[in-house]
Amino acid sequence: RNSYNAQLTYSQVLNKRLQMSLSVEAIYMDGLLSTPFHRVYFSEEAVPDIERLPSTRLKIPLAVRLNYKPIDNLVIRSYYRFYTDDFGIDAHTFNLEVPYHINDSWTVAPFYRFHTQTGSDYFLPYKEHASSEEFYTSDYDLSELNSSKYGLGISYTPLYGVGRTKLPLTKKVLMFNSISLRVSRYSRDTGLTGFGGAIGMNFRL
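All values derive from a computational prediction rather than experimental measurement.

Remarks on the overall build of the chain
Okay, step 1: For the chain, the helix and strand inventory stands at 0 helices and 13 strands.
Okay, step 2: Each helix (α) and strand (β) of the chain, taken in turn from the N terminus, gives the series β-β-β-β-β-β-β-β-β-β-β-β-β.
Okay, step 3: The 205 residues of the chain split such that 27% are buried.
Okay, step 4: Taking contacts inside the chain between residues at least 6 apart in sequence as the whole, the part at least 24 apart equals 54%.
Okay, step 5: As displayed, the chain has an accessible area near 13300 Å², and 57% of this comes from carbon and sulfur atoms.

As structure tokens, this is what we get:
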């Protein structure tokens with residue numbers, strides 16, 4: 001598989017509290033774009049086949065990002081993206097994150113993401129495809145769907161670092177700058193739900 005990407009981004013500081021950026025992107029892919037372990041079951045046959053998709057795909061996302069700081073310790077980060085491709089999918093994605101600085105060390109950041117898309121021209125559910133079709137998939141990532149993801153991030157970044165440790169055989173000092181925790185819940189109307197969590201540590205020498 002080969003992928004080719006071209007992107008243009010324009011950023012502008014509108015005033016001391018508002019920043020924005022616009023981006024347009026084109027992604028062209030060619031090669032094996034199907035996933036062989038995805039099976040497709042047909043309406044008139046008992047024996048399944050592997051997923052079959054075209055060997056080329058063109059994706060075009062358009063995005064706008066706005067960051068607004070209404071007060072000194074609060075930032076509103078918003079993002080919208082429109083996506084279209086030649087598989088027949090059109091999608092809209094909206095993301096909102098609101099980091100709030102409790103003090104110089106602690107930050108909490110609730111976030112929410114909503115995504116909606118039309119189904120691919122090549123998607124049909126289980127046993128709804130005909131074996132005479134040239135291309136077919138039952139992968140619900142390519143189906144019509146609505147999904148949402150929400151959660152909370154917490155980070156601790158003390159002014160003088162979390163800890164300092166002298167490295168053996170050197171004069172360098174290892175210092176942890178911050179520790180963060182991020183948890184989220186994901187759901188979509190195709191029946192998929194999930195929970196996620198991540199712990200991050202930043203350090204420097």
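Examining the pattern of salt bridges
Okay, step 1: Counting across every chain of the model gives 5 salt bridges.
Okay, step 2: In this structure, Asp85 engages Arg57 in a salt bridge whose closest nitrogen and oxygen atoms are separated by 2.7 Å. Placement of Asp85 in strand E6 (residues 74-85) and of Arg57 in strand E5 (residues 56-71) is noted, with a sequence separation of 28 residues between them. Residue Asp85 shares its accessibility class with Arg57, and that shared class is buried.
Okay, step 3: As a salt-bridge pair, Glu97 and Arg182 come within 3.6 Å of each other at their nearest N and O atoms. Placement of Glu97 in strand E7 (residues 90-97) and of Arg182 in strand E12 (residues 173-188) is noted, with a sequence separation of 85 residues between them.
Okay, step 4: By relative accessible area, which is 17% here, Glu97 ends up buried.

Some remarks on the environment of Arg52
Okay, step 1: Structurally, Arg52 can be placed in the loop between strand E4 (49-50) and E5.
Okay, step 2: On the basis of relative accessibility, which here comes to 37%, the residue Arg52 falls in the partly exposed class.
Okay, step 3: When neighbours within four sequence positions are excluded, Arg52 is seen to be in contact with Ser34, Glu134, Phe135 and Tyr136.

Things to note about unusual backbone geometry
Okay, step 1: Non-glycine residue Lys127 carries a positive phi angle of around 60 degrees.
Okay, step 2: Considering the arrangement of structural elements, one finds Lys127 in the loop between strand E9 (106-117) and strand E10 (145-156).

Focus: the packing of aromatic side chains
Okay, step 1: Counted according to the given criterion, the structure contains 7 aromatic pairs.
Okay, step 2: Note on Trp106 and Tyr156: the rings are 4.7 Å apart at their centroids and 35 degrees apart in plane angle, and the pair reads as tilted. Of this pair, Trp106 sits in strand E9 while Tyr156 sits in strand E10, and the two are 50 residues apart along the sequence.
Okay, step 3: Using a relative accessible area of 29% as the deciding quantity, one classes Tyr156 as partly exposed.
Okay, step 4: Seen in terms of ring centroids, Tyr122 and Phe135 are 5.6 Å apart; in terms of plane orientation they differ by 70 degrees. Their pairing is edge-to-face. Residue Tyr122 is found in the loop between E9 and E10, and its partner Phe135 is found in the loop between E9 and E10; the two are separated by 13 residues along the sequence.
Okay, step 5: By relative accessible area, Tyr122 is classed as buried at 18%.

The rules behind each value
Residues numbered from 1 in each chain as written. Predicted model: local features only at pLDDT ≥ 70, side-chain atom pairs only at ≥ 80, totals over all residues. Heavy atoms only, no water. Helix = DSSP H or I, 4+ residues; strand = E, 2+ residues; numbered from the N terminus. Buried < 20%, exposed > 50% of the residue type's maximum accessible area, 1.4 Å probe, protein only. Contact = heavy atoms within 4.5 Å. Areas by Shrake-Rupley, 256 points an atom, 1.4 Å probe, with all protein chains shown as cover. Salt bridge = Lys/Arg side-chain N within 4 Å of Asp/Glu carboxyl O. Phe/Tyr/Trp six-rings, centres within 6.5 Å; stacked < 30°, edge-to-face > 60°.

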